[in-house]
Amino acid sequence: MSLMLAALILTVAFVICWLTGRTQRNLKGGRIPKSLPSFPLIGSLLSLRSELPPHLLFQKLQKTYGSLFSFMMGPHHVVVINNHQHAKEVLLKKGKIFAGRPSMVTTNLLSRGGKDIAFANYGPIWKFHRKLVHSALFLPGTGSAALEKMICQEATSLCSTFERLMDSPLDLMTEVTRAITNVICLLCFSSSYDKEDEELQKILNYSQGIVDTVAKDSFIDIFPWLQFFPNEDLQTLKQCISIRDSILQKKLEEHKANYNSDSVNDLLDILIKAKMNLENNNSLVHGMELTDDHVLMAVADIFGAGVETTVTTIGWIFIYLLHNPEVQKKIQEEIDNTIGFERTPTISDRCNMHFLNATLSEVLRIQPVSPLVIPHLALADSSIGDYTIPKGTRVVINLWAIHHDEKEWKNPDTFDPGRFLDEDGKYIHSPSPSFLPFGAGVRVCLGEVLAKMELFLFMSWILQRFTVHVSPGDPLPDMTGKFGIVLQPTKFKVHLKIRESWKNCGLRD
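Because the structure is predicted, anything quoted here is derived from the model rather than measured.

This paragraph deals with the state of the cysteines. On inspection of all chains with the given rule, the structure shows zero disulfides. Summary of cysteine pairing: Cys 188 is not part of a disulfide, and the nearest cysteine sulfur, belonging to Cys 185, is at 7.3 Å.

What follows covers the nonpolar core. One finds Leu 172 and Phe 318 to be the most contacted residues of the largest nonpolar core, which totals 117 residues. Ranked by the residues each element gives to this core, the list is headed by helix H12 (residues 292-323), at 18 residues. Leave out the neighbours within four places in its chain, and Leu 172 touches Phe 162, Phe 318, Val 468, Val 494 and Leu 496. One finds Leu 68, Val 79, Tyr 387 and Leu 436 within the second-largest nonpolar core, a separate group that totals 17 residues.

A word on the sheet that holds strand E4 (residues 376-377). Reading across the sheet, the five strands line up as E1-E2-E3-E7-E4 and stay open at both edges, with mixed pairing between neighbours. Edge positions in the open sheet fall to strand E1 (34-35) and E4, since each of these has one partner strand only. The pairing of E1 with strand E2 (residues 68-73) spans two bridges and is parallel. Its bridge partner lying in E2, Lys 34 is registered against Phe 69. Helix-sheet contacts for helix H3 (residues 84-93) involve E2, strand E3 (76-81), E4 and strand E7 (394-397), and the interaxial angle to E7 is about 125 degrees.

The next point concerns the environment of Ile 241. With respect to the helices, strands and loops of the structure, Ile 241 is situated in helix H10 (residues 232-257). Once you skip the residues sitting within four places of it in the chain, Ile 241 turns out to touch Leu 109 and Leu 110.

Moving on to the pairing of E2. Judged by how many residues are buried, E2 sits mostly within the fold: six of six residues are covered. Here E2 shows no split at all, with Leu 68, Ser 70 and Met 72 on one side and Phe 69, Phe 71 and Met 73 on the other all buried. After leaving E1, the chain enters helix H2 (residues 54-65) and then returns to the sheet as E2, a path that is right-handed. Here six bridges tie E2 to E3, and the two strands are oriented antiparallel to one another. Pairing of Met 72 across the sheet is with His 77, part of E3. In textbook terms, the turn of a hairpin is the stretch between consecutive antiparallel strands, and for E2 and E3 this stretch comprises two residues, one of which, Gly 74, has a positive phi near 65 degrees.

What follows deals with empty space enclosed by the protein. Counted according to the given criterion, the structure contains two cavities of 30 Å³ or more. Forming the walls of the second largest cavity are Val 90, Leu 91, Gly 95, Phe 98, Ala 99, His 376, Ala 440, Val 442 and Arg 443.

In this section: helix H6 (residues 144-164). End to end, H6 covers 31 Å across 21 residues, agreeing with the expected 30 Å (1.5 Å per residue, within 8%). Along H6, the residues that are buried comprise Ala 146, Leu 147, Glu 148, Met 150, Ile 151, Cys 152, Glu 154, Ala 155, Leu 158, Cys 159, Thr 161 and Phe 162. Buried residues along H6 sit in contact with helix H7 (172-189), helix H16 (448-465), strand E8 (466-469) and strand E9 (495-498).

Turning to the confidence of the model for the protein, a few remarks are in order. Model confidence for the protein is summarised by a mean pLDDT of 89, while 91% of its residues fall at 70 or above. pLDDT under 50 marks residues 1-27. Its contacts with residues more than four places away, or in other chains, come to 24 contacts.

When their charged atoms lie close together, side chains carrying opposite charge are able to pair. The final tally for this structure, using the stated rule, is 19 salt bridges. Between Arg 178 and Glu 175 there is a salt bridge; the shortest N-O distance is 3.5 Å. Here Arg 178 and its partner Glu 175 are both found in helix H7, three residues apart, which amounts to about one turn of the helix. For the pair Arg 178 and Glu 175, one class covers both residues: buried. One salt bridge in this structure joins Lys 452 and Glu 448, with 2.8 Å as the shortest N-O distance. Of the two residues, Lys 452 and Glu 448 both sit in helix H16, four residues apart, roughly one turn of that helix. Each of Arg 112, Arg 244, Asp 245 and Asp 293 takes part in one network of salt bridges that share partners.

Rules of the game
Residues numbered from 1 in each chain as written. Predicted model: local features only at pLDDT ≥ 70, side-chain atom pairs only at ≥ 80, totals over all residues. Heavy atoms only, no water. Disulfide = S-S within 2.5 Å. Core = buried A, V, L, I, M, F, W, Y, C linked by side-chain atoms within 4.5 Å. Buried < 20%, exposed > 50% of the residue type's maximum accessible area, 1.4 Å probe, protein only. Helix = DSSP H or I, 4+ residues; strand = E, 2+ residues; numbered from the N terminus. Contact = heavy atoms within 4.5 Å. Pairing = 2+ DSSP bridges. Axes fitted to C-alpha atoms, helices over the stretch in contact; angles between N-to-C directions. Right-handed = clockwise from strand over helix to strand, strands pointing away. 1 Å grid on protein atoms, 1.4 Å probe; cavity = no way out; pocket = protein on both sides within 12 Å on 5 of 7 lines; lining within 4 Å. Points joined across faces, edges and corners; volume = space filled by probe spheres on them. Expected span 1.5 Å × (residues − 1). pLDDT = per-residue confidence, 0-100. Salt bridge = Lys/Arg side-chain N within 4 Å of Asp/Glu carboxyl O.

Listed below in structure tokens is the structure:
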């Protein structure tokens, strides 16, 4: 038995070495990006050993290898981009060529073999699914008004919960996570969860497990044959996916049982209707498939991208407000002068809330929620700048380095909302072409509009009523973060103090 195992390992090693050599041969004949040292079988893994998280390591390596460099991740040729010019060439100018996704063990498990939006490869079926989900995010006849109503409903509940919990140190992100999750539940299922609901806790637990284990370029994604050996992270991921899928399957069956084509109320209804249209040949789109797997994975994507990224961003906003109390005070002064206390904030206030908008953008710049964008894949031989990029190359865009580029941002490591304001104090949407918080092009974030609405409404509602601070003598939250598919802040607790102006207003009653 041991001889058979040894033979298997040697065979796999030989195949990987051959693939590595083939990729390197494909690079000949053109100007290739400067590469980290590479060895047979393991590629450049020895050169990538570091205590730094990958986004900071890649930012550091560009000083030696240039803003665009390459390395071998085992058998996979990877190009890293650290400047906005090359990033925009990949995302915009040659967006379709670089719109592919690499096949990885963890993402294939998560997406049932690429039947979702985020990790599916580019092609006609993917374009159809994405267009369908994008249109479903804005329910017919209501536009963004329906989304605003959902968000404000949860903001009301969140603020009421905060008022009951003001007397002790609070892990406010637990409550924020529930509120953001409920927005997505309302959007997808027309239902929401109470704080004590067991299913809600299952959702929070499986979401964290997925964030901790998926798409981190672990050895199993580099060498897929390792999945056949015991692996604790892989087992955790499979358990989390199983819980996720059982919850979503139950929601799908409930919606199918109660489906009425004359009453389409949420994203799941819209997807079911589209699936039935295709099956009945009533759709204008032919040759497309929409199975239950596609429906479930589309909803799973909305949950994965719509909850964790927004929650993470709000966590970083609070951390930067705690470290910069003068910024929190200035936002509250803007709320007082623009909205007052006779009503609650609405999305129409956004155009007049210049400093709050600037603060939100500065947090998205200085602490991008996904410092390394999900890898793209070259679907054909192409180029980036003056460099030849062969088909099958994985392209990693280091959004962290782009947002901290000293050539584009003055003192990039300094938190300064003022960089998003003009001389008259008006909000500047993008003071630098290197500001790409939601990506761009074919693979731009599907939930960008929803995320921006949530960030503005939740923060304006909370800061209209409360001031957030730490107890005297307590340390401020850590600003390092936990690297994964998103860069999560470490857990922290705060005190909430109700504002005197809000305490005395009629709305509170």
